[in-house]
Structures are given as C-alpha cells and as structure tokens.
Amino acid sequence: MSPDKVRVRFAPSPTGFLHVGGLRTALFNYLFARNSGGKFILRIEDTDRARYVAGAVDNLVNTLRWAGLDYDEGPVVGGDFGPYVQSERLDIYSKHVGTLMEKGVAYRCFCTPERLETMRKEQEKKKLQPKYDRTCLNLSEKENRDNLAAGKPFVIRMKVPDNITIKFSDIIRGDVEFSSERVDDQVLLKSDGYPTYHLANVVDDHLTEISHVIRGEEWLSSTPKHVLLYAAFGWDVPKFAHLPLLLNPDRSKLSKRQGDVAVEDYREKGYLKEALVNFVALLGWNPGDDREIFSLVELEKEFSLEKVNKSGAVFNVEKLNWLNFQHLRSKPEDEVLDMLKEHLTGTGMDVSRYTDDYLKEVITAMRERVTFMKDYTEKGPYFFVPPAEYDPEVIKKRWKPESAGYLKRLAGLFLSLDNPGKIDFENALHRTAEELNISNGDLIHPLRLAVSGMGEGPGLFDIINILGKEETVRRINAAIERIK
Ligand code: GLU
C-alpha cells in the first residue's frame, strides 16, 4: 500500500437507526477523504447476528445519502475490494483464523458458556479483572481431536502475549500504551462460525487497504487487541484517530439508548441536513477560529484531523436549532418556496390557493422568525387561514371597549384606498389616529389582533400589505363581530 493513498471507512453495525454519533464518525471519515483526495468506503459490520436489525442497512445507506455523504465504495455502489458486507466474507475470516492457528497464536476453546460465567463470577468476587483463564490453551492434540470428534462447540481465541506493552500512536490522542496483562485472550471466531468484531475489523481494514481508522473513542480500548492482531499476521497497522465522546450538557455520556439521538428523528423533526451536518462537524472539531457556519463543501476544504480535540464534545440542542435557523435563513428563495409548498401540502392545505408571489412575500416577512419550516404555519398561520380564535391574553391587554369603533373607522378608510401599498396602510392608520385623537398604538394592537389573532409577529403593515385590502377589512369586520 502506498502510504500517501488515503482510504478510510465508516463501518457501522446494522443494529438500528443511524445515531448522531455514527453520523459524526461517517462525516469525519468523509471529510478527511475528500480533503485529502482519498476514498471513503462504507463497510457493514453485521457479524453479530443477535443484534442484527432487518432494514438497518437500507436505513444507513439512505441516511448517508440524505446527508450528502456519498461513499466511493460499499454496498449498492460496489468497488474493487468487495464484498463490503462482512457476513458475505465468512470464508475470508476462517482462512485468516487458520493462518493464526498455524502460526500458533490462536487456539480452540471448548469452554461452555456456563463455565465461563462461573469463572467470571469468581473473578468478580476476588476483584480480579475478568479474563479467560486459559483452560483450553494447553489442551493436547488428542484432547482437541476428541472434543472435535464429540462435536463439542468451540470458539477460537487469540493467545495474547504475556507481559508486553502494546503501543500505538493516535492522531488525536497522541501515544497510547496498554499492558497486555489487561487484554483478554479474545475470541476471534465464534461457535456459530462468525468472526468477532475484532478479527473481521482487522482483516478487512488490512485487505481493503484502509490507511486511517477514524472512529469513536469507545473503540480505543479495542485498539490494543487490533494492534496485536496486526502483529500476529505480520501486517502494518493503519493510522488511528479516535474521536472524542459525545456528552450531554451535564457532561454525562450521550447514550444511543436515549432515544432521541437517531438521525432519522432529527430529520422527522424538520432539521435540515445542512444544519445537522454542520452541527455534527463541530462536535469535536473547529476550524481554529470562531467561524461556526459551514456548508458541506466548505467543511471538505477546511477539515483536518489535527484540529479534532481530545476532550468530550457537548451535544447542545440550542446550537443545533440556531444552525437550523441560520441555514434555513440563507437558503435561496426558490428553494424555500418549494419547501413551503411541500410543508403546506403536508399539513393538508391546498397550495394552489396561493400564488408564488404571495408565498414569496410570506417568506420575506417570516425569514427572521423561522427556525423550522413548521414555524411558517405555527407562527404565521394567519397568512394561510383567517384567525379561528383570538389570543385571550392579548384581548385582555389590548382590546378596549372603543377598539371596535376605532377599527370600523380605519376599515372604512382602508376600503377607500385605491390599490394601496404598505406605506398607504400606514398613513391611513396614522390619519385615523390623529382624527380620533388617540395614539397609533390604540389602533395598531387591536388591528394586529384582528388580522392575525396574535399579539406578535412580523411588521403589522407587512402583514396587511401581504393580506391585501379586502382580506384585511374582512378580518377587521370578523373581529369586531367576535371579540366582545
Ligand atoms: N462496527 C463498529 C461500530 O459499530 C465499527 C467500529 C470501528 O470503526 O472499528 O461502530
């Protein structure tokens, strides 16, 4: 392998939805590959059959596509190093385990799960590190043969060297050392014939010429086992980069089981892929200055593993919301128009009732107020339907017994205006206030309530200019009738 050929992989296990932590790992691998002109590979690690969830691979592939993280090799797209799904590579793993057996660094273990459990409990009682006690390491040829002939199930374990220091260097964490005393005689091949994560991971990273292993910090403690396996095979180790843990704001570990951390959930809640990608990019990485808003293309240019920090990255939903607002705000008008139509249709509205120009005016008025597309209908429902009710708090504060009379007069003046614009509505209101000898506010607040049913929103004259003279007057009359 030429050392400057970058090949990285995202290697999820198909155990459910893609977690935001998984998206971060995928993104950092993707960005590193794009930034260094290398290849980004998707590999499915599905050798733990008990945790396999049907449909999870499709979900992973679709979620990566949705986020814009196109991979160069992997399931569906193929590539020269396939298959990219581990359950389709079983013969490769058993061949490699055979090699380790021949080299004398792996052995069969016939211990039953019950025996292992008893052993583990005893070790726990004695406060010892749980570790396989090597009962089967020294089985004779004959014992091995007899057990096999008796059809006893077995696993294959690695013989971990005694008393050595396992060293490796991590791009993010620097030099790391583990004593081999802390490493168990790990299982390489399970009794069902499937490899363990460790074996399959190392064999595949080697055979698919992975140059950099970029993954979450939770895998750091597996790395010594991997380093030992590379050494046992006589292979070079790839470069490692373990990404910092994701933390809740209280600095507890962000857990997959906390439910609301599947990318799918965020997508359904209306987060934009641009915002989510930008957000996860900042979970452990920063550009070295205070810029925070990035497109995927900008991230591809800026990203470097050297700028990833070691310390845990706090997952702050407010920041994600802010990024969603920023990305939504900076989208081209035509794109937001399509999104708005889709959103309105999704809420059961007939979008053909509104012209594109009308909807674009609504977009201009609401742009600074929407974090999610749903805010268009939640914060500005009156652009689409007349108010069905009026906020009782606002009535209490702003609607006086005289308001109806004032508004009636204002409506009369509005009706007399010929094709009025925003400034004409505004002038008419000022004139009416003057004639009635009241403040502008005595008209503005009841008028806002009458046309929108609410006490706040974009500029009032923007709203009535968008609604138009007739609709505004209709709403004033309806409010006069209904607000008592
Ligand atoms: N299958 C592991 C996971 O689910 C991959 C870890 C690694 O990248 O080595 O995250």
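Residues numbered from 1 in each chain as written. Predicted model: local features only at pLDDT ≥ 70, side-chain atom pairs only at ≥ 80, totals over all residues. Heavy atoms only, no water.

Observations regarding unusual backbone geometry
Note that the residue after G82, namely P83, is joined by a cis bond; omega there is -5°. Assignment of secondary structure puts P83 in the loop between α2 (56–67) and α3 (90–102). With phi around 75°, V76 is a residue other than glycine that occupies positive phi space. Its location among the elements puts V76 in the loop between α2 and α3. Positive phi is not limited to glycine here, since K127 has a value of about 60°. Within the fold, K127 resides in the loop between α4 (113–125) and α5 (141–149). (Helix = DSSP H or I, 4+ residues; strand = E, 2+ residues; numbered from the N terminus.)

Quick word on the pattern of salt bridges
Note that side chains of opposite charge can pair when their charged atoms are close. Counted by the stated rule, this structure contains 32 salt bridges. Of the charged contacts in the structure, one is a salt bridge between K5 and E209, with a shortest N-O distance of 3.2 Å. With a gap of 204 residues between them, K5 in the segment before β1 (7–10) and E209 in the loop between α6 (197–207) and β8 (212–216) connect regions that are remote in the sequence. Using a relative accessible area of 25% as the deciding quantity, one classes E209 as partly exposed. The salt bridge involving R89 is made with D204; its shortest N-O contact spans 2.8 Å. (Salt bridge = Lys/Arg side-chain N within 4 Å of Asp/Glu carboxyl O. Buried < 20%, exposed > 50% of the residue type's maximum accessible area, 1.4 Å probe, protein only.)

Regarding helix α11 (residues 317–329)
For α11, built from 13 residues, the straight-helix expectation of 18 Å at 1.5 Å per residue is met to within 8% by its first-to-last C-alpha distance of 18 Å. Listing the buried residues of α11 in full gives L320, L323, N324, F325, Q326, H327 and L328. As for α11, its buried residues are in contact with α8 (263–268), α9 (273–281) and α12 (333–346). Taking the backbone nitrogen of E318 as reference, a side-chain oxygen 2.9 Å away marks N316 as the first, capping residue of α11. (Expected span 1.5 Å × (residues − 1). Contact = heavy atoms within 4.5 Å. Polar contact = N/O pair within 3.5 Å; in protein donor to acceptor, adjacent residues only side chain to side chain.)

Structural notes on the environment of K307
Mapped onto the fold, K307 is located in the loop between α10 (296–302) and β11 (313–314). Along the sequence, K307 and I171 sit 136 residues apart, while their C-alpha atoms lie 9.9 Å from each other.

What to know about the environment of D91
Its place among the elements puts D91 in helix α3. D91 gets classed as exposed once you look at its relative accessible area, which sits at 55%.

Considering the nonpolar core
Of all hydrophobic cores here, the largest spans 107 residues; its most connected members are L69, F383, F414 and L447. Every residue in contact with L69, bar those within four places of it in the chain, is listed here: L23, A26, L27, Y30, F40, L64 and L296. Judged by nonpolar contacts, the second largest core, of 32 residues, contains F168, V176, L228 and A232. (Core = buried A, V, L, I, M, F, W, Y, C linked by side-chain atoms within 4.5 Å.)

Some remarks on the site of the ligand
For the ligand, the full set of nearby residues is R9, A11, S13, E45, Y197, N201, R215 and W219. One of the side-chain nitrogen or oxygen atoms of S13 is found 3.0 Å away from a nitrogen atom of the ligand. Residue W219 places a side-chain N or O atom 3.5 Å away from an oxygen atom belonging to the ligand. If the ligand stood free it would expose 300 Å²; the protein chains cover 85% of that surface. Residue composition of the shell around the ligand, grouped by class: three nonpolar, two polar and three charged. (Near = heavy atom within 4 Å. Areas by Shrake-Rupley, 256 points an atom, 1.4 Å probe, with all protein chains shown as cover. Nonpolar A, V, L, I, M, F, W, Y, C, P; charged D, E, K, R; others polar.)

Notes on the packing of α3 against α6
Closest axis-to-axis distance for the α3/α6 pair is 10 Å, and the angle between their directions is 100°. By the criterion of interaxial angle, the relationship of α3 to α6 is roughly perpendicular. Residues I92, Y93, H96, V97 and L100 of α3 pack against L199, A200, V203, D204 and L207 of α6. A class-by-class count of the residues in the contact of α3 with α6 yields eight nonpolar, one polar and one charged. (Axes fitted to C-alpha atoms, helices over the stretch in contact; angles between N-to-C directions. Parallel < 35°, antiparallel > 145°, perpendicular 65-115°, else oblique.)

Regarding the packing of α9 against α11
Packing of α9 against α11 brings their axes to within 8 Å, and their N-to-C directions diverge by 135°. Taken together, the axes of α9 and α11 are oblique relative to one another. Two packed elements cross with a definite hand, and for α9 against α11 that hand is right-handed. Together, E274, A275, L276, N278 and F279 of α9 and K319, L320, L323, N324 and H327 of α11 make up the contact between the two elements. A breakdown of the residues in the contact of α9 with α11 according to their chemical character gives five nonpolar, three polar and two charged. (Left-handed = near helix turned anticlockwise from the far one by under 90°.)

Let's talk about the packing of aromatic side chains
Enumeration according to the criterion identifies 17 aromatic pairs in this entry. Ring geometry for F168 against F178: centres 6.4 Å apart, planes inclined by 10°, an arrangement best described as stacked. With F168 in strand β5 (residues 165–170) and F178 in strand β6 (residues 174–179), this residue pair connects regions lying 10 residues apart in the sequence. Among the aromatic residues, ring-to-ring pairing joins Y266, Y271, F279, F315 and F372 into one connected group. When the ring centre of F81 is taken as reference, the NZ or CZ atom of R7 above it lies at 4.0 Å. Cation over ring: R108 sits above F154, and NZ or CZ is 5.5 Å from the ring centre. (Phe/Tyr/Trp six-rings, centres within 6.5 Å; stacked < 30°, edge-to-face > 60°. Lys NZ or Arg CZ within 6 Å of the ring centre and 35° of its normal.)

Structural measurements only, silent on function.
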